[in-house]
Structures are given as structure tokens and as C-alpha cells.
Amino acid sequence: MRIDSRSPYSTGAVSTDTVSSDTDIDLSHRVTVELDATWTTTVWNDPVNLMTYVTQVFRRYFGHSAEEAERLMLLVHNEGRAVVATGPREEMERHTEAMHEYGLWATVTRADS
Amino acid sequence: MTSIEIDGAEIRVELSELEHRLLTTLLTDYTEQVDGDGLAVLFPNAYPDDPDAAAEFARYTRSGLVDRKTANAGIVVRDLATGANIPTGMRISLTAEAFDTWMPILTDLRRILADRLGIEHDDDPVDESPVGDVYQWLGELQWRMLEALDTVAIGDAPQ
């Protein structure tokens, strides 16, 4: 999905004479990546939304194929919820806000909680 | 009952005079109340297990959501007001964009009525009452509009 694919480690080799400063940068990047990777947007079943609406929201907002949108909708319907996105917290909050605008019940969760 | 036709990239929704008046009245009430505490049901808790994060999310998102919900309601009201008069009521022509305005608004209207009707689970029966009838009608209207919009809308990203 909309996970930022830019990698902080792909910026080139570290030359030996700048190891200490580059190590610092790498460490900060590593921390950021860990925080970024551990959040999800979950959509929950609710008694009002129509199945066809939920499917179409997933297609239109996330750009999913009909099959993937249907699969996620059925997860919501049958299991009570579905993780619809994984990534940085800010982005997961933005998706959640968008789901709320469409009238779906969505929450933000740490992926490992 | 409402009739819906597809014409190229447009869908045409025909509402009776009564349906047209009813929808307009519901939207007027919605617009007046959407920024108050009475319609909290429209703003789900984004962090059920974290009251602080929930409050912060609400603080950062609520006014924007209220603004956009109000704007969407305004667009639906305008669409209703600028429809063409036909012998049975009013005909409203809509494009794929209606998915991002009409559908969230119909969802919110149904959410508000469901809350009043005490509908909490998928299989809860709907009261045979005037409110229950309106809820059922809005559900059928939304379902049929979705079906029509599906044929003209899909693939268009909102961005």
C-alpha cells in the first residue's frame, strides 16, 4: 500500500574516514524507521455501512483492485475488522481521518500491540 | 419510489416531491447540528485504548472533518436545489464525483437515524416507525446510487 519505499540505507557506501558521523545518522534513521513501520489503520465492522459502499471506498481511496477491495471488505464483515494500511503513524492517522470522512469506523494502532 | 438511470458518465436520480423535501429537511438539520456534541456518533474514536491520543486526534481532525462534512452537505443541497422539475418530482443529474459527497452524507444521515433507532448490530431489526421507514428508504437510495455510480465512477481516484 502507501508505504514510503525510500530507504535511508540506500544512499551509498560509508567511507571509513566518516564512520562516526555516518553511524550517528544511521542510528537516527534506524529509530525513525522502527517508529514508522509499526502503525496500522484498521477498519471495523459497523451496523450501518453497506458492504458495496465499503468495497467502493477501498477501491476509490486506496486505489485497490476490485478483488483486493472485496477481500478487505469481507474481512471487515466476517472477522469484524481488517487492517487496511501499515506505515508511519502520521500517514495512518491521515487514512483514519479519511475513513471517518467517508463514514467508516477506523482506528490507529501500533502494529505490535 | 426513487428511479435511477445511467446516461454515459452521468447518473440521473428521480425523487418524488416528498422524497426531495424529506432529504432537504434532513440535510438542513444535519448542517445545523454537525458541529455540535449531539452528533458525536459521526466522529469515531481513533484510539479506543488511548484516551490521550484519542483526544489529540480529535483536536487535530474534528474541525476539518466538520468543515468537509458541512461542505459535502452543501453540495448535496445544491444538487437537490438545482435539479430539473419533472411531473413526478425532481430529476438530479450526478457524475462520479457524487461518490465523495452524496455517499458520505447518506452514510452519516443513516448513522444518525440508526443511533436513534438503537441499531447496534448487523442483524438488529429496524423499527416499523416513521424514522425506521426513512432509514430503510435512505439505505435503498444509497444502495441503488452506489450500484449506478459503480458503473461510472470506478477507477477515478479522488486526488
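Coordinates for the structure precede this section.
Residues numbered from 1 in each chain as written. Chains lettered and ligands numbered in written order. Predicted model: local features only at pLDDT ≥ 70, side-chain atom pairs only at ≥ 80, totals over all residues. Heavy atoms only, no water.

What's the story with the overall build of chain B in this structure? I'm lost.
In terms of helices and strands, chain B carries 4 helices and 4 strands. Along chain B, helices (α) and strands (β) appear in the sequence β-β-α-α-β-β-α-α when read from the amino end. Relative to a compact globule of 159 residues, whose C-alpha radius of gyration would be 15 Å, chain B shows 17 Å and is just as compact. Taken along the three principal axes of its C-alpha coordinates, chain B extends 55 × 40 × 30 Å. Out of the 159 residues belonging to chain B, those deemed buried represent 45%. Taking contacts inside chain B between residues at least 6 apart in sequence as the whole, the part at least 24 apart equals 71%. If you sum the accessible surface of chain B, you get close to 8200 Å²; carbon and sulfur atoms cover 49% of it. Of the side chains in chain B, 12 bear a positive and 31 a negative charge, and the two mean positions are spaced by 5 Å. (Helix = DSSP H or I, 4+ residues; strand = E, 2+ residues; numbered from the N terminus. Rg over C-alpha atoms; globule rule 2.2 N^0.38 Å. Buried < 20%, exposed > 50% of the residue type's maximum accessible area, 1.4 Å probe, protein only. Contact = heavy atoms within 4.5 Å. Areas by Shrake-Rupley, 256 points an atom, 1.4 Å probe, with all protein chains shown as cover. Lys, Arg positive; Asp, Glu negative; His and termini not counted. Charge placed at Lys NZ, Arg CZ, Asp CG, Glu CD.)

Looking at this structure, I do not really get the side chain of A:Thr42. What am I missing?
Residue and element names in this part refer to chain A. For Thr42, the location among the structural elements is in strand β1 (residues 39-44). On the basis of relative accessible area, Thr42 is assigned to the buried category, the value being 6%. Residue contacts for Thr42: discarding those within four places in its chain leaves Arg81, Ala82, Val83, Trp105, Ala106, Thr107 and Thr109.

How do you make sense of the pattern of salt bridges when you look at a structure like this?
Any two side chains of opposite charge can pair, so long as their charged atoms come close to each other. Enumeration over the complete set of coordinates arrives at 11 salt bridges over all chains. For A:Asp46, the salt bridge is made with B:Arg111, and the minimal N-O distance between the two is 3.0 Å. Note that A:Asp46 is positioned in the loop between β1 and α2 (51-62) and B:Arg111 in helix α3 (residues 102-117), a pairing that runs across two chains. Given a relative accessible area of 6%, A:Asp46 falls into the buried group. Judged by relative accessible area, which is 5%, B:Arg111 ranks as buried. B:Asp7 is paired through a salt bridge with B:Arg12; the nearest N and O atoms lie 2.6 Å apart. (Salt bridge = Lys/Arg side-chain N within 4 Å of Asp/Glu carboxyl O.)

It is not clear to me how the environment of B:Arg110 should be interpreted in this structure. Could you clarify?
Note that B:Arg110 resides in helix α3. Taking the C-alpha atoms as reference points, B:Arg110 and B:Tyr135, 25 residues apart in sequence, are found 5.9 Å from one another. Not counting the four nearest positions on each side in its chain, B:Arg110 is found in contact with A:Val48, A:Leu50, B:Tyr135, B:Leu138, B:Gly139 and B:Gln142. At 2.8 Å, the side chain of B:Arg110 forms a polar contact with the side chain of B:Gln142. (Polar contact = N/O pair within 3.5 Å; in protein donor to acceptor, adjacent residues only side chain to side chain.)

How do you make sense of the environment of A:Thr107 when you look at a structure like this?
Residues and elements named next belong to chain A. Mapped onto the fold, Thr107 is located in strand β3 (residues 105-110). The sequence separation of Thr107 and Trp44 amounts to 63 residues, and the corresponding C-alpha distance is 8.0 Å. A distance of 2.8 Å separates the side chain of Thr107 from the side chain of Trp44, its partner in a polar contact.

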